[in-house]
Amino acid sequence: MAIQELHIKQPKAESYKGIYSTHKYWSKKPHNIIRHFIKTYSQKNDIVMDPFCGSGISNIEAILSGRKTVGIDINPAAIFITEQLLVKVEPSALKQEFLRIKDECGKKINTLYNIKRGKMAFTATHFLYHNGSPVEVWYKDKYGKKIVETPTKSDIKQLRAFSYDKIKEFYPTDDLIPNSRINTKKGMRVYDLFTPRNLQALAILLNHINKIRDKKTRDLFRFCFTACVGQASKMVFVINRRGKTTNNI
């Protein structure tokens, strides 16, 4: 008996956006293609199982398509990300915790980036480095205008006052796996990806997040923290204009 080939028009893959762009994960697949497969090969109320769920795209698309779902992955980060994308937390509870953290951490963290210009103090928004040395500092003046300057002796002295061993809050000290793609070498640890000052700020923030009593809310804030922590690392490049990247933050 001849097997008739099944021709199904497949949609063009879309880049991930919306909920799927809230956290990085290395193996994300086009959500609209996954949705197409689910709707083509299953019925509503069926169970869709993904034994390698990754960031949970198939699980989310299954639920949005009226199916039930099971996700499995050996990577605990994958399970954590998937759970946070599916958990239901009251928005008012999130706002309340956000305002509390902002109140407790905001001034303390901004103080780490204070720079003096004459008799006035400003909060620097960026410090740009080249070959490990600070070459630019960005801040906004009292009129809200962006100022770009070469760091002063005072700025550099302040930078050198920070060190890893002065940080009282928890921060990870695990060894990094050597990987030339992200410029990690043998002997490097997680904290080496951050300047001492940025690590101090992040440690303050994480310490307050870990004090949130409600587990669902606490985990969701941890999710947000890990989603953006890379933007405070040495691996970030400054985009002076579209299509061109130079220097490290």
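It should be noted that the structure appears before, not after, this text.
The following paragraphs examine the structure supplied in this document. Keep in mind that this is a model prediction, so the values were computed, not measured.

Quick notes on the pairing of strand E4 (residues 120–123)
Next, step 1: Here strand E3 (residues 114–117) runs beside E4; their pairing, made up of four bridges, is antiparallel. For Asn114, the partnering residue across the bridge sits in E4 and is Thr123.

Here we look at the packing of aromatic side chains
Next, step 1: Taken as a whole and judged by the stated rule, the model has four aromatic pairs.
Next, step 2: Aromatic side chains Phe122 and Tyr139 sit 5.1 Å apart centroid to centroid with 35° between the ring planes, which places their arrangement in the tilted category. Of this pair, Phe122 sits in strand E4 while Tyr139 is found in strand E6 (residues 133–140), placing the two residues 17 residues apart along the sequence.
Next, step 3: Under the relative-accessibility criterion, Tyr139 is labelled buried at 5%.
Next, step 4: Seen in terms of ring centroids, Tyr164 and Tyr191 are 4.8 Å apart; in terms of plane orientation they differ by 55°. Their pairing is tilted. With Tyr164 in the loop between helix H5 (153–160) and helix H6 (196–209) and Tyr191 in the loop between H5 and H6, this residue pair connects regions lying 27 residues apart in the sequence. In terms of burial, Tyr164 and Tyr191 fall into one category: buried.
Next, step 5: Among the aromatic residues, ring-to-ring pairing joins Tyr164, Tyr171 and Tyr191 into one connected group.
Next, step 6: Between Lys146 and the ring centre of Trp138, over which it is positioned, the NZ or CZ distance is 3.7 Å.
Next, step 7: Its end group placed over the ring of Phe127, Arg197 keeps NZ or CZ at 4.2 Å from the ring centre.

Points about the side chain of Thr217
Next, step 1: Looking at where Thr217 falls in the secondary structure, it is placed in helix H7 (residues 215–228).
Next, step 2: We classify Thr217 as buried; its relative accessible area is 4%.

Considerations on the environment of Ser163
Next, step 1: Summarising the element assignment, Ser163 is placed in the loop between H5 and H6.
Next, step 2: Remark: the alpha-carbon pair of Ser163 and Leu193, spanning 30 residues in sequence, is separated by 13 Å.
Next, step 3: A distance of 2.5 Å separates the side chain of Ser163 from the side chain of Asp165, its partner in a polar contact.

Examining the pattern of salt bridges
Next, step 1: Applying the stated criterion across every chain, the model contains eight salt bridges.
Next, step 2: A salt bridge links Arg100 to Glu104, with the nearest nitrogen and oxygen atoms 2.9 Å apart. Here Arg100 pairs with Glu104, and both are found in helix H4 (residues 91–112), just four residues apart, close to one helical turn.
Next, step 3: Each of the salt bridges in this network shares a partner with another, and the network as a whole consists of Glu97, Arg100 and Glu104.

Calculation criteria
- Residues numbered from 1 in each chain as written.
- Predicted model: local features only at pLDDT ≥ 70, side-chain atom pairs only at ≥ 80, totals over all residues.
- Heavy atoms only, no water.
- Pairing = 2+ DSSP bridges.
- Helix = DSSP H or I, 4+ residues; strand = E, 2+ residues; numbered from the N terminus.
- Phe/Tyr/Trp six-rings, centres within 6.5 Å; stacked < 30°, edge-to-face > 60°.
- Buried < 20%, exposed > 50% of the residue type's maximum accessible area, 1.4 Å probe, protein only.
- Lys NZ or Arg CZ within 6 Å of the ring centre and 35° of its normal.
- Polar contact = N/O pair within 3.5 Å; in protein donor to acceptor, adjacent residues only side chain to side chain.
- Salt bridge = Lys/Arg side-chain N within 4 Å of Asp/Glu carboxyl O.

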